[in-house]
Amino acid sequence: SPQQSNVTSFSATAVAIITLEAFAGMWINAFLVCVLCIAWVKKTILNSNEKILLLLGCCRFCSLCISWGYLFLSVIYPKYLYVHPILQLIISFQTFFNYSNLWFSACLCVFYCIKIASFRNRFFIYLKAKIDRIVPWLLLGSEILALATAIIAYDIADKPHCNNRNSTGQGMFGKANIKMDKHFFPSFFFAGFGYAASFMAVIFSAVFLLFSLWRHKCKMQTNSMNSLSVEAHIRAMKSILSFFIMYSINFVCLVLEMVYVTKKGSHMTFLIVVFQYTFPGVHSLILIFSNPKLEKTLLKIFSLERSVKCKVC
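Residues numbered from 1 in each chain as written. Predicted model: local features only at pLDDT ≥ 70, side-chain atom pairs only at ≥ 80, totals over all residues. Heavy atoms only, no water.

A. The overall build of the chain, seen in detail. Of the regular secondary structure elements, the chain holds 8 helices and 2 strands. Along the chain, helices and strands appear, N-terminal first, in the series α-α-α-α-β-β-α-α-α-α. Within the chain, the proportion of its 313 residues that are buried is 43%. Considering only contacts in the chain between residues 6 or more positions apart, those separated by 24 or more positions represent 76%. Carbon and sulfur atoms form 71% of the exposed surface of the chain, whose accessible area is close to 17,400 Å². (Helix = DSSP H or I, 4+ residues; strand = E, 2+ residues; numbered from the N terminus. Buried < 20%, exposed > 50% of the residue type's maximum accessible area, 1.4 Å probe, protein only. Contact = heavy atoms within 4.5 Å. Areas by Shrake-Rupley, 256 points an atom, 1.4 Å probe, with all protein chains shown as cover.)

Structure, rendered in structure tokens:
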């Protein structure tokens, strides 16, 4: 029928767009991880900023791989998702990497804030002196929280009331049409708490860094040290504000995803999923261009490709 053909064409278009975004995000994060690993081998040590970026790139690459694999199975081989425990494992791993992505991003914003902002508070000065020692513990705590959330997600997906499910819109968006009942409210509350906590960390980091920049510009003199400090403030603020805007939209999408989890292949679900696939790649690209070393390496690769194409032509 015409309606079925429209649904099929819409599904094919959605899969093509999401696949393109997923592979672009994988390439960007793979580049980020490779450059940092090469630097790690050369220097035998990474600073705190590079450690966070390395783990963030790994989590985003794995998250995109698992999400795209889930999409591929739900479209091409939807019956495989009914085999226990394939769906439960996919949901668990996807939850783990998504939460790791959120918390590592929040840790990066907090690190920028503490490292660059200047306040005379004793506690802040203590954090500024100890931040390099605190970062590994922050990353470990983030992983523990993400692992606990993944275990809870696996347990919820393994419940008997989750086994009666139908694929959504021919498996378009990789979400099961789960009946909303009282069993899912604790999980949604826990997920919302994790999203809100990481989002608040980003908000406070952006506000403190902006306030520090404003105070510093008011007291700024014309010597070179101050201008360099202001430049560092502005560079960090560009990175955090761009991330804050994207993080805000991502937070809204995560909330809407919990609202539309029972909807069958709606256009709102499509828009939510499209942005969720866009977020890991675009933000990693922003982080690359905000880091002089990573930006220089990326531009070298592009210039090398251009020279090779010119020689071939």
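B. Quick peek at the pattern of salt bridges. Within this structure, the stated rule accounts for 2 salt bridges. One salt bridge in this structure joins Glu-50 and Lys-43, with 3.2 Å as the shortest N-O distance. Judged by its relative accessible area of 6%, Glu-50 falls in the buried class. (Salt bridge = Lys/Arg side-chain N within 4 Å of Asp/Glu carboxyl O.)

C. Region of the structure containing the layout of surface pockets. Of the volumes computed, that of the second largest pocket is approximately 280 Å³. Lining the second largest pocket are Val-35, Leu-36, Ile-38, Ala-39, Lys-42, Lys-43, Glu-50, Asn-291, Lys-293, Leu-294 and Thr-297. Among the secondary structure elements, those contributing two or more residues to the lining of the second largest pocket are α1 (2–43) and α8 (292–312). Residue contributions to the lining of the second largest pocket peak at 6 residues, all from α1. Broken down by class, the residue content of the lining of the second largest pocket amounts to 5 nonpolar, 2 polar and 4 charged. (1 Å grid on protein atoms, 1.4 Å probe; cavity = no way out; pocket = protein on both sides within 12 Å on 5 of 7 lines; lining within 4 Å. Points joined across faces, edges and corners; volume = space filled by probe spheres on them. Nonpolar A, V, L, I, M, F, W, Y, C, P; charged D, E, K, R; others polar.)

D. Quick look at the packing of helix α2 (residues 48–76) against helix α4 (residues 122–157). Where α2 meets α4, the closest approach of the two axes is 9 Å, and the angle between their N-to-C directions is 15 degrees. Comparing the axis directions of α2 and α4 gives the class roughly parallel. Where α2 crosses over α4, the handedness of that crossing is left-handed. On the side of α2, the interface is formed by Ser-48, Ile-52 and Leu-55, while α4 contributes Asp-132, Val-135 and Leu-139. Among the residues forming the contact of α2 with α4, the class breakdown is 4 nonpolar, 1 polar and 1 charged. (Axes fitted to C-alpha atoms, helices over the stretch in contact; angles between N-to-C directions. Parallel < 35°, antiparallel > 145°, perpendicular 65-115°, else oblique. Left-handed = near helix turned anticlockwise from the far one by under 90°.)

E. Spotlight on the packing of aromatic side chains. With the rule as written, the count across this model stands at 9 aromatic pairs. Ring centres of Phe-96 and Phe-97 lie 5.2 Å apart, and the angle between their planes is 70 degrees; this geometry places the pair in the edge-to-face category. As far as the burial class goes, Phe-96 and Phe-97 line up, both buried. With a centroid separation of 6.3 Å and 75 degrees between ring planes, the pair formed by Phe-119 and Phe-208 is classed as edge-to-face. On the criterion of sequence distance, the pair formed by Phe-119 in the loop between α3 (86–116) and α4 and Phe-208 in helix α5 (residues 185–218) is long-range, its members being 89 residues apart. Owing to a relative accessible area of 42%, Phe-208 belongs among the partly exposed residues under this scheme. A network of ring pairs unites the aromatic residues Phe-119, Phe-124, Phe-204, Phe-208 and Phe-211 as a single cluster. (Phe/Tyr/Trp six-rings, centres within 6.5 Å; stacked < 30°, edge-to-face > 60°.)

F. Just the nonpolar core, in detail. Grouped together as the largest cluster of nonpolar side chains are 51 residues, with contacts concentrated most on Leu-108, Tyr-247, Ile-288 and Leu-294. Those elements that provide at least two residues to this core are α1, α2, α3, α4, α5, α6 (224–259), α7 (267–289) and α8. When residues in this core are grouped by element, the largest group, 12 residues, is from α3. Among all residues touching Ile-288, those that are not within four sequence positions of it are Ile-28, Phe-31, Leu-32, Leu-294, Glu-295 and Leu-298. One finds Ala-14, Ala-22, Leu-71 and Phe-270 within the second-largest nonpolar core, a separate group that totals 10 residues. (Core = buried A, V, L, I, M, F, W, Y, C linked by side-chain atoms within 4.5 Å.)

All we've got here are geometric facts, nothing functional implied.
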